[in-house]
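Residues per chain are reported as follows:
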Amino acid sequence: MRALWSVRAWFIGAVVLFVAVAAVWAWAAPRVYEATATLRLIGAVDPSGEQRSPIAAAAALLRTHDLAADAITSLGLDKPPYRLSPTDLFESTVIIREVAPDLLIVSARLNDPRRAAELANHLADAGVRASGALGVDDAAVAIAQLTRQLEVARERLAHAEARLLTFRRQAQLDLLRSDVDALLEQRQRRNERGTVAEVPQLATLYERELEQARLQVEYDAASRVYGELFARHEEASIAAAARGNVLRIVSKAYEPSTPVRPRPTVLLAAGGAIGVIAGALAGVVKLLASA
């Protein structure tokens, strides 16, 4: 203990240094505010008539691409400094949690507390409107129609993908075969006619590239149609799980007064702990070096 006490300056210096670094970090880091709106699922009747509480379907309804795009456009979050996309919105900005069998929490995190509250309230209001957009009967009919269309689109996509993969494999084999033939031909004759003989091969290669491009366009179109139908089928399924305006706003989001990030107390405590460890290691190294 006396030996460690002799290097107490290392402990104090390391603690002061890391606490100061943590304090500067907490002061300079951008503030992030979180605003939260709470929704309650009053009740729902599915197409079979059974009473249930589809909280997962209600949460999925709030995570749809259309609601996110509408919120971003309405609040101007697609412009600087945010430049958010619907995908970014649910990855880093909006958090939707199921906190109870009938409660949803919609939290928005932004560096502007007013915008955070507006975003959470906008999504909550849009979710309430969307939950009653279709009745059960309409949703059931829409699901049946979309299911048939989805099956046709899935078959077209699988057919287009199979044709594209088959063509690519065959093109690779043909390319390898033509490379081997060209090498053998170059070994047998080293004159100008070899250059002329490669022209038909270039024409064939150009035709293959055009065919591959056509198949790729066909596959991309089938994939896009399938994706759109799948999204519509999902939204119709969600609507079928609800009847009427089952979502209700329990509490609106208000402008937060304190940020959720950074947390000064946590940073200062972490800085002090790291400082103690660093000071102890430095002190031990100094003692070993002077022994």
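Everything here concerns the structure above.
Residues numbered from 1 in each chain as written. Predicted model: local features only at pLDDT ≥ 70, side-chain atom pairs only at ≥ 80, totals over all residues. Heavy atoms only, no water.

**Student:** Got a minute to help me understand the nonpolar core in this structure?
**Tutor:** Note on soluble globular proteins: their nonpolar side chains tend to be buried together. In this structure, Leu39, Leu77, Leu89, Val94, Leu104, Leu119 and Leu247 are the most contacted members of the largest nonpolar core, which totals 33 residues. Counting residues per element, the ones that place at least two in this core are β1 (33–41), α3 (55–62), α4 (65–75), β4 (94–100), β5 (103–110) and α6 (113–131). Looking at which element gives the most residues to this core, the answer is α6, with 8 residues. The residues contacting Leu39, other than those within four sequence positions of it, are Asp102, Leu103, Leu104, Val106, Ala124, Val128, Leu247, Arg248, Ile249 and Val250. Ranked by size, the runner-up nonpolar core spans 7 residues in total, among them Leu150, Leu157, Ala160 and Leu229. (Core = buried A, V, L, I, M, F, W, Y, C linked by side-chain atoms within 4.5 Å. Buried < 20%, exposed > 50% of the residue type's maximum accessible area, 1.4 Å probe, protein only. Helix = DSSP H or I, 4+ residues; strand = E, 2+ residues; numbered from the N terminus. Contact = heavy atoms within 4.5 Å.)

**Student:** Can you walk me through α4 in this structure?
**Tutor:** Every buried residue of α4 is accounted for by Leu67, Ala68, Ala71, Ile72 and Leu75. End-on view of α4: buried residues confined to an arc of 130 degrees, all on one side of the axis. For α4, the exposed residues set more than 90 degrees away from the buried face come down to His65 and Thr73. Against the buried residues of α4 lie α3, α5 (86–93) and α6. (Arc of directions from axis to C-beta.)

**Student:** Just checking my understanding: could you explain the environment of Leu104 for this structure?
**Tutor:** Its location among the elements puts Leu104 in strand β5. Residues Leu104 and Arg248, spaced 144 residues apart in sequence, show a C-alpha to C-alpha distance of 9.9 Å. Not counting chain neighbours up to four residues away, the residues in contact with Leu104 comprise Ala37, Thr38, Leu39, Ile55, Ala58, Ala59, Leu62, Ile96, Arg97, Glu98 and Leu247.

**Student:** Hey, could you run me through the side chain of Thr38 in this one?
**Tutor:** Tracing the chain through its elements places Thr38 in strand β1. Residues contacting Thr38, with those up to four places away along its chain left out, are Leu103, Leu104, Ile105, Arg248, Ile249, Val250 and Ser251.

**Student:** Quick question: what am I supposed to make of the pairing of β4 here?
**Tutor:** Along a regular strand, successive side chains alternate from one face of the sheet to the other. Note: β4 against β5, 6 bridges, orientation antiparallel. What sits directly across from Ile95, in β5, is Ser107. Here β4 folds back onto β5, and the loop between the two strands holds 2 residues. (Pairing = 2+ DSSP bridges.)

**Student:** Explanation requested: unusual backbone geometry in the structure shown.
**Tutor:** Backbone phi values are negative for most residues with the exception of glycine, while trans is the configuration of most peptide bonds. Cis geometry is adopted by the peptide bond preceding Pro81, which originates at Pro80 and carries an omega value of 5 degrees. With a phi close to 50 degrees, Arg83 is a non-glycine residue in the positive phi region. Looking at the secondary structure, you find Arg83 in the loop between α4 and α5.

**Student:** Just checking my understanding: could you explain the sheet that holds strand β6 (residues 247–251) for this structure?
**Tutor:** Two modes of strand pairing occur in sheets, parallel and antiparallel, and in both the strands are linked by backbone hydrogen bonds. The strand order across the open sheet built from 4 strands is β4-β5-β1-β6, with neighbouring strands paired in antiparallel fashion. Only two strands of the sheet have a single partner each, and these edge strands are β4 and β6. Neighbour to neighbour, the strand axes of the sheet diverge by 30 degrees on average, direction disregarded. Here β1 pairs with β6 via 4 bridges, running antiparallel. In the sheet register, Leu39 faces β6, and the bridge partner there is Ile249. Taken strand by strand, α5 contacts β4 and β5, and its axis lies near 55 degrees from that of β4. (Axes fitted to C-alpha atoms, helices over the stretch in contact; angles between N-to-C directions.)

**Student:** Would you mind showing me how to read the packing of helix α2 (residues 8–28) against helix α10 (residues 264–290) here?
**Tutor:** What describes two packed helices is the angle between their axes and the distance between those same axes. Relative to each other, α2 and α10 sit at 150 degrees, their axes nearing to 7 Å. Here α10 runs roughly antiparallel to α2, going by the angle between their axes. Between α2 and α10 lies a crossing of right-handed hand. Taken together, the residues of the contact of α2 with α10 sort by class into 18 nonpolar, 5 polar and 1 charged. (Parallel < 35°, antiparallel > 145°, perpendicular 65-115°, else oblique. Left-handed = near helix turned anticlockwise from the far one by under 90°. Nonpolar A, V, L, I, M, F, W, Y, C, P; charged D, E, K, R; others polar.)

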